[in-house]
There are 2 protein chains.
Amino acid sequence: METTLRDLGTVAGAPASGDGVREIVGVLGGMGPAATADFFAKLVRATPARVDQDHLRTIIWSDPTIPDRTAALLSGGTDPTPWLLAGARMLRAAGAGVIAVPCNTAHAFLPSVQADVGVPFVHMIEETVLHIRSRLPRVRRVGLLSTTGTQASALYDEALRRHGLEPVVPQAAAQSRVMAGIARVKAGVVDERTAWLVASAALELIDAGAETLVAGCTELPMALEATEFDVPVIDPTQVLAEAVVAAVGRPHAA
Amino acid sequence: METTLRDLGTVAGAPASGDGVREIVGVLGGMGPAATADFFAKLVRATPARVDQDHLRTIIWSDPTIPDRTAALLSGGTDPTPWLLAGARMLRAAGAGVIAVPCNTAHAFLPSVQADVGVPFVHMIEETVLHIRSRLPRVRRVGLLSTTGTQASALYDEALRRHGLEPVVPQAAAQSRVMAGIARVKAGVVDERTAWLVASAALELIDAGAETLVAGCTELPMALEATEFDVPVIDPTQVLAEAVVAAVGRPHAA
């Protein structure tokens, strides 16, 4: 067997940072790849660091060929689980001590993957709901923008209700616009029409009583980057980045 | 042995895209991590794609604990080669068929790494010089903004002269400002002062006859994002992204 990256600090005689080696962060991504790049940039910015060596060792497996999650959940499309499993196993083999999956819909398939690989996952949806509870304690009605697959899986609905919050979801026509906006981001088209497709659905949720909005598909924060709303917009990609930094700890002062 | 990611298309019964499986791209990064995130975003944007599944499978090892490259080249700092070697071996083990290193200075250490792992590397510096020759055929004098380590290694100087081009490098005081600008980007501080530190050195190169500028450290394109010059500025991170896309081929039409 070759030396794992996890051992390298010891092998090469230098710890990773400060007075301890922090866990390697594994990222199971590519769903889509631009969203994974967005997550990685947010992870780097969320890490307190003065020099390169303060940052987290990170291994990213970006597999855009993972079959579409919404199609698998709704219309009998190929099950993405074998792809997610192979990716998570590779991340573990490379030394990842914690795994993040910057794709909301993929969380519907994670229980069996996590059980197989035995490495802790930072759960994007659970962390997002905890974030709302702690940062917006007076909010009760939460507007959910997500894929139709995430909607059908009820991942956010269940997590919100468990924490005493009430989900507000788009009507069918608005949900179609959200999916069209997500598809445009995946095709690299982030323009005013992309923003309108998503923002028009968001405004309907606010009209229906939503006191905050969750941009609950990793393409949506990119679609809404230049749009402002009267209620706070929660970015689960950013929440996940901060939760990963908290999970692996901060570098110690020398 | 577990199934490698490379085999997964076959194992799971679905090719990666179109009528063929393209090579997995390996990225040996973390030098610094923000530059690796910038490279990944540029790689995604440089890939012609309508849907996720058109994109490249990519594995990124971002190791910010790799010892400082300039310190190793100039002042007896720890040799980063063992870290680069372990990272490249992991990328190969995970199935990478081509490797990119989005750090100019690290290229001084790559010959022994490449010889060991036997996977083709896309050479950022060589590609950048070829890019200048093909896109700016009338240019002769090339202004080089880079780390003091890259300067000392003469990587760009040799590649430029081999192609009949003449390097123009900053004086000592200007070079100190370039290094200060790079350190600010690595600390996450990209502001007007960061831009000024680098741009003031760039203007001296133009005054000294440079007909184009190479932002030859992966932090520099980020420092110069909002600055305009009278000569073209070459971004080797972007050149590397385009060269990787060309190296692995494009998806075939269905």
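Residues numbered from 1 in each chain as written. Chains lettered and ligands numbered in written order. Predicted model: local features only at pLDDT ≥ 70, side-chain atom pairs only at ≥ 80, totals over all residues. Heavy atoms only, no water.

### Digging into the overall build of chain A
Point 1. The number of helices and strands found in chain A is 12 helices and eight strands.
Point 2. Taken over C-alpha atoms, the radius of gyration comes to 19 Å for chain A, in line with the 18 Å a tight globule of 254 residues would show.
Point 3. The principal-axis extents of the C-alpha atoms in chain A amount to approximately 60 × 40 × 35 Å.
Point 4. The buried share of chain A, reckoned over its 254 residues, is 57%.
Point 5. Counting contacts in chain A only where the partners sit at least 6 residues apart, residues at least 24 apart contribute 73% of the total.
Point 6. Just so you have it, chain A exposes about 10,000 Å², and 52% of that area is on carbon and sulfur atoms. (Helix = DSSP H or I, 4+ residues; strand = E, 2+ residues; numbered from the N terminus. Rg over C-alpha atoms; globule rule 2.2 N^0.38 Å. Buried < 20%, exposed > 50% of the residue type's maximum accessible area, 1.4 Å probe, protein only. Contact = heavy atoms within 4.5 Å. Areas by Shrake-Rupley, 256 points an atom, 1.4 Å probe, with all protein chains shown as cover.)

### Let's talk about the sheet that holds strand β5 (residues 141-145) of chain A
Pairing between the strands of a sheet is mediated by backbone hydrogen bonds and can be parallel or antiparallel.
All names here are of chain A.
Point 1. Strand order in the open sheet made by the four strands is β6-β5-β7-β8, with parallel pairing throughout. One side of each edge strand has no neighbouring strand; the edge strands of this open sheet are β6 (166-168) and β8 (233-234).
Point 2. Summarising the sheet, β5 and β6 pair through three bridges and their orientation is parallel. By the bridge assignment for β6, Arg141 is matched with Glu166. (Pairing = 2+ DSSP bridges.)

### As for the confidence of the model for chain A
All names here are of chain A.
Point 1. Taken over all residues, the pLDDT of chain A has a mean of 91, while the share at 70 or more is 90%.
Point 2. Contacts from residues 9-19, a stretch scored under 50 in pLDDT, to residues over four places away or in other chains number 15 contacts.
Point 3. Of the two predicted TM-score estimates for the complex, the pTM is 0.91 and the ipTM is 0.90. (pLDDT = per-residue confidence, 0-100.)

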